[in-house]
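Listed below are the residues making up each chain.
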Amino acid sequence: MKIRTKITLSIGLLLTIITLFGYYAAQTTEHIKLNTENILADNYNSIKYAQKMLWAVHHFEEDQALAATTFDENLSLQKRNISENSEKTHTQQLERQYKTYKIERSKENLISLSESINTIILLNGNAIEQKSKSATDIAQEALVLMIFFALLCVIIAIFMLVRIPQALTTPIQKLTEGIIEISNHHYDKKLSFDEKSEFSKVAYSFNNMAQELAQFQQSNMARIISTKQYLEIVINSIDEPIIGLDNQNRILFINHIASSILNISSEKMLGKSALDLALTNDLLRKLVQGINNEVSDAPLKIYADDKESYFDVHYLSLPENSGIVIMLNNITRFKELDKAKTNFISIISHELKAPISAIMTSLPLLNDSRIGPINEKQSALAQSISEHCDCLLSISSELLKMTQVEAGVLQLRPKITKPIELINYAIGATRVLADRFNCHIEIEYPETIDKLFVDSEKIAWVITNLLSNAIHYSSDNSRIIIGVKQLEHNIDIYIKDFGKGIDPRYHKTIFDRYFRVPGTKVQGSGLGLAISKDFLEAHGGSIRIESEIGKGSCFIISLAKA
Ligand code: ADP
């Protein structure tokens, strides 16, 4: 049944009962009222008239006139007030007896009159008693009926109070539960309400919607599964390791090569937390740490199958932080080539040193008069050869240093050193050069400077290289400042020139191997700054540049104090 019909019927029934109840109450009250009025009008008045007639009977002998008048008056009133069955007969009998009495005023006639009057009184008295009893009965009956109706109304009202809200809330509750189920992707949820209920349409639409969503999900699932299979084939066909993580760092996918270098089967990893797996797998730990850039971007070294392999690790963030893809690029072959190159350069530079040194030792002999005189042109040529030899020697020694760094065989022999010792060494080593270009070197050295704990040979080489660059890349007669700054934990050594400066766009690449600012005319290898950076980093220090074109450059090296 429809809720609306239920409400209409219940209220209609309640209204009908209340109306009937009201009508019955009005009727009964009216009835009781009429009964009371009747008693008053008929019986009570008859008793009143009879009593007055009785009074007259008792006073006929004392006051004939007054008694007769009273009797006549009340008899005529009584005659018009007949209400009971036998009352008329008795009244007529009384009238006849009165007429007899008027003819014969005897005591017996008076007694007969009194008896008839008393009969009328008794008759009306009985009628009053009976009518009052009947009114009481009606009232009693009415009371029972009214209680019955009131109870009926209360029952209907309670029924409405319980059933109607229930009839409304139950479907709403079912609907709410259904919506929650759907939102949890449980599309098999169905709603069913009474066919005639208003909610049957809602249930019908809901079930339709759930069915369509289920179909949509199934088709989507099919598409997702086929896309997943397709992706799996693609990923597994790539011979570089690939691992996909979701935003909770759970492993979404992993290709064969990745699971083989991690040495865990993909079945054991899929869906598992990479962080948990990383607890027992060093390689995975390194990869996971890299997500938050906790490790440097140096190539990842993996030792597997009795050989070393090197991988570049790339982290690709998925849109809206939904996960991350870790891609490893095998660079072992390049590493091997690089190593071969480093070995080659190392051998060449080492082998070159001996012939260059031999040339340099032989050159002064050319100028020796004992060997024979040489002319001015020959002397100038010998000078040029000497300079080029210097250059070759410095390049080959730089190359050798670089190969040492690259081969990882750089050995530091640190000792407590005063910064001024390093500065003095560098100034001494570049004096000839500075004199040649007439450069004026100023020292800024505060009174109290802490000591350093460094390999003085390496750091002195760095400062010498920076000072030599400052001289080379400044114009003649210029100033160069070399100074030291004491900081809380570090000591900064700076070499400042007022030369042509370096374009800020090269400030990063200037420390790369073989990089030279385009257009640089001074001879060089482009290795000095790269080696300086390596030396400083090996000490846990750093190097940076502050420079503007036309204003000169300032190289600052920073080292922890001892
Ligand atoms: P090299 O000096 O042998 O070329 P470096 O690594 O020492 O190699 O320097 C790299 C390049 O940086 C140089 O070629 C030069 O162009 C630039 N450079 C270095 N120092 C200075 C400087 N003080 N002023 C201007 N340019 C400089």
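Figured I'd write up the structure that's included with this text. No experiment lies behind these values; they were computed from the predicted model shown. (Residues numbered from 1 in each chain as written. Predicted model: local features only at pLDDT ≥ 70, side-chain atom pairs only at ≥ 80, totals over all residues. Heavy atoms only, no water.)

A word on the overall build of the protein
A count of helices and strands for the protein gives 15 helices and 12 strands. Since a compact globule built from 562 residues should have a radius of gyration of about 24 Å, the 64 Å found for the protein marks it as more spread out than a globular shape. A principal-axis box enclosing the C-alpha atoms of the protein has dimensions of 215 × 60 × 40 Å. Burial statistics for the protein: of 562 residues in total, 36% are counted as buried. Residue pairs at least 24 apart in sequence account for 62% of intrachain contacts in the protein once pairs closer than 6 positions are excluded. When the accessible area of the protein is evaluated, it comes to approximately 34,500 Å², of which 57% is carbon and sulfur surface. Here the protein contributes 59 positive and 65 negative side-chain charges, whose respective centroids are spaced 2 Å apart. (Helix = DSSP H or I, 4+ residues; strand = E, 2+ residues; numbered from the N terminus. Rg over C-alpha atoms; globule rule 2.2 N^0.38 Å. Buried < 20%, exposed > 50% of the residue type's maximum accessible area, 1.4 Å probe, protein only. Contact = heavy atoms within 4.5 Å. Areas by Shrake-Rupley, 256 points an atom, 1.4 Å probe, with all protein chains shown as cover. Lys, Arg positive; Asp, Glu negative; His and termini not counted. Charge placed at Lys NZ, Arg CZ, Asp CG, Glu CD.)

Quick look at helix α14 (residues 456–472)
The end-to-end C-alpha distance of α14, which contains 17 residues, comes to 24 Å, matching closely the 24 Å that a straight helix rising 1.5 Å per residue would cover. Where burial is concerned, most of α14 is hidden: 15 out of the 17 residues are buried. (Expected span 1.5 Å × (residues − 1).)

Regarding the sheet that holds strand β4 (residues 307–317)
Across the sheet, which stays open at both edges, the 5 strands sit in the order β2-β1-β5-β4-β3 with antiparallel pairing between neighbours. Each of the sheet's edge strands pairs with one partner strand only, and the pair in question is β2 (251–254) and β3 (300–304). On average, each strand axis in the sheet is tilted by 25° relative to the strand beside it, whichever way the strands run. In this sheet, strand β5 (residues 323–330) lies alongside β4 in antiparallel orientation, the contact comprising 7 bridges. The residue of β5 that forms the bridge with V313 is L328. (Pairing = 2+ DSSP bridges. Axes fitted to C-alpha atoms, helices over the stretch in contact; angles between N-to-C directions.)

Concerning the nonpolar core
Within the largest apolar cluster, 44 residues are counted, with the highest numbers of intra-cluster contacts made by I463 and I557. Top element by residues in this core is α14. It accounts for 9 residues. A domain split of this core shows at least three residues from each of domain 3 (335–406) and domain 4 (411–560). Sequence-distant contacts of I557, defined by excluding residues within four places in its chain, comprise I459, V462, I463, L466, I491, D492, I493, L536, S542 and I543. Listed in part, the 22 residues of the second largest apolar core include L245, A258, I264 and L287. (Core = buried A, V, L, I, M, F, W, Y, C linked by side-chain atoms within 4.5 Å. Domains from an automatic or database assignment.)

A few points about the packing of helix α10 (residues 332–366) against helix α11 (residues 376–407)
Taken N-terminus to C-terminus, the directions of α10 and α11 make an angle of 155°; their axes are 8 Å apart at the nearest point. Compared by their axis directions, α10 and α11 come out roughly antiparallel. As for the relative orientation of α10 and α11, their crossing is left-handed in sense. In the contact of α10 with α11, the residues fall into 15 nonpolar, 9 polar and 5 charged. (Parallel < 35°, antiparallel > 145°, perpendicular 65-115°, else oblique. Left-handed = near helix turned anticlockwise from the far one by under 90°. Nonpolar A, V, L, I, M, F, W, Y, C, P; charged D, E, K, R; others polar.)

Remarks on the site of the ligand
The environment of the ligand is formed by 18 residues, the closest being N469, D497, R516, T520 and L529. Here an oxygen atom of the ligand sits 2.6 Å away from a polar atom, N or O, in the side chain of R516. At a separation of 3.2 Å, an oxygen atom of the ligand approaches a polar backbone atom of G526. For the ligand, the protein covers 96% of the area, taking 520 Å² as the surface of the free molecule. When residues of the shell around the ligand are traced back to their parent elements, those giving at least two are α14, α15 (528–538) and β12 (552–560). Residue composition of the shell around the ligand, by class: 9 nonpolar, 7 polar and 2 charged. (Near = heavy atom within 4 Å. Polar contact = N/O pair within 3.5 Å; in protein donor to acceptor, adjacent residues only side chain to side chain.)

What about the packing of aromatic side chains?
Under the defined criterion, the tally for this structure stands at 9 aromatic pairs. The interplanar angle of 45° and the centroid separation of 4.9 Å between the aromatic rings of F60 and Y101 together place this pair among those described as tilted. On the criterion of sequence distance, the pair formed by F60 in the loop between α1 (3–59) and α2 (64–79) and Y101 in helix α3 (residues 87–103) is long-range, its members being 41 residues apart. Given a relative accessible area of 2%, Y101 falls into the buried group. (Phe/Tyr/Trp six-rings, centres within 6.5 Å; stacked < 30°, edge-to-face > 60°.)

A closer look at helix α5 (residues 199–237)
Its 39 residues place the ends of α5 56 Å apart at the C-alpha level, agreeing with the 57 Å of an ideal helix rising 1.5 Å per residue. Restricting attention to buried positions, one finds in α5 the residues F199, S200, A203, F206, N207, A210, A214 and I235.

Examining the environment of I531
On the secondary structure map, I531 appears in helix α15. The class of I531 is buried, set by a relative accessible area of 1%. Remark: the alpha-carbon pair of I531 and Q404, spanning 127 residues in sequence, is separated by 9.9 Å. Here I531 is in contact with E398, K401, M402 and W461, once residues within four sequence places are set aside.

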